[in-house]
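Read off the chains here:
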Amino acid sequence: MKTTIIGIAGGTGSGKSTLTARLREHFGENEVSVINHDSYYKRHDEMTYEERCKLNYDHPDSFDTALLVEHLQALRRGESVQVPVYDYTVHNRSDRTETVAPAPVVIVEGILIFAAPELCDLMDLKVFVDTDADVRILRRIVRDVKSRGRTLDSVVTQYLATVKPMHEQFVEPSKRKADLIVPEGGRNKVALDMLIKWVSNHLYAE
């Protein structure tokens, strides 16, 4: 089985997950496997919760990217992988893993995947989701408060302290590595149709 790896990057709250979900819905779970870079945050059992709260989670060094590279190489060889499960409520990896099976298309999603050359080298297509900063922060607030057990104050503090400066330093410049820039992510029907056609050509090529 030939495996095509697609990277979908963009700032926090840009619409990466929506675009990924639309592609997976169209082609089905048997054709598309998804791996999120966030699952590969480094484990910090040696730190207290308070210390982990102060870490910069928007810097490339906060990820175990080497493990993600290993897993993508394994998926390309047709092997299943055990992906870590990150617990956002305690800012640390849980003891669980989730099995991700090989598929004709593997989507890698994350804010900083294009900032790692070793990841870019594995990708057949690099897509950057470009969304206005005001929209992104509002989406992040709603997501983190509703789904990740955060307070409004903690989300705003983290955004100003690390998310915004790291976006400007690492995420925005990585846009230059993209093969395709998609405004508004999965809500952009024209771009979504283009992506679906590109994937179809690779899935069903003779």
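Treat the numbers as computed from the prediction; the structure is a model and nothing was measured. (Residues numbered from 1 in each chain as written. Predicted model: local features only at pLDDT ≥ 70, side-chain atom pairs only at ≥ 80, totals over all residues. Heavy atoms only, no water.)

Some remarks on the packing of aromatic side chains
Consideration 1: One pass over the structure, following the stated rule, counts 4 aromatic pairs.
Consideration 2: Ring geometry for Y41 and F63: centres 4.5 Å apart, planes at 20°, overall stacked. Linking Y41 in the loop between strand 2 (32-36) and helix 2 (49-53) with F63 in the loop between helix 2 and helix 3 (65-76), this pair joins segments that are 22 residues apart in sequence. Both residues of the pair, Y41 and F63, count as buried. (Phe/Tyr/Trp six-rings, centres within 6.5 Å; stacked < 30°, edge-to-face > 60°. Helix = DSSP H or I, 4+ residues; strand = E, 2+ residues; numbered from the N terminus. Buried < 20%, exposed > 50% of the residue type's maximum accessible area, 1.4 Å probe, protein only.)

Re a nonpolar patch on the surface
Consideration 1: Taken together, the side chains of V145, L152, V156 and L160 make up a nonpolar region of the molecular surface, amounting to roughly 330 Å² of accessible area.
Consideration 2: Sort the elements by how many residues they give to the nonpolar patch and helix 6 (residues 152-174) lands first, with 3 residues.
Consideration 3: Topologically, L152 is positioned in helix 6. (Patch = residues over 30% accessible without salt bridge, like charges linked within 9 Å, V, L, I, M, F, W, Y side chains within 5 Å. Areas by Shrake-Rupley, 256 points an atom, 1.4 Å probe, with all protein chains shown as cover. Salt bridge = Lys/Arg side-chain N within 4 Å of Asp/Glu carboxyl O.)

Some thoughts on the sheet that holds strand 7 (residues 180-183)
Sheet strands line up and pair through hydrogen bonds in the backbone, either parallel or antiparallel.
Consideration 1: Read from one edge of the open sheet, 5 strands run 2-5-1-6-7, paired in parallel fashion. Unpaired on one side and paired on the other, strand 2 and strand 7 mark the two borders of the sheet. When the angles between neighbouring strand axes are averaged without regard to direction, this sheet yields 25°.
Consideration 2: Sitting on the sheet, helix 7 (residues 189-203) is in contact with strand 1 (4-10), strand 5 (105-109), strand 6 (125-130) and strand 7, with an inclination near 160° to strand 1. (Pairing = 2+ DSSP bridges. Axes fitted to C-alpha atoms, helices over the stretch in contact; angles between N-to-C directions. Contact = heavy atoms within 4.5 Å.)

What to know about the environment of R148
Consideration 1: Within the fold, R148 resides in the loop between helix 5 (133-147) and helix 6.
Consideration 2: For R148, a relative accessible area of 14% corresponds to the buried category.
Consideration 3: The spacing of R148 and R187 is 39 residues in sequence and 24 Å in space, taken between C-alpha atoms.
Consideration 4: Discounting residues that sit within four places of it in the chain, R148 has contacts with D38, Y88, T89 and R143.

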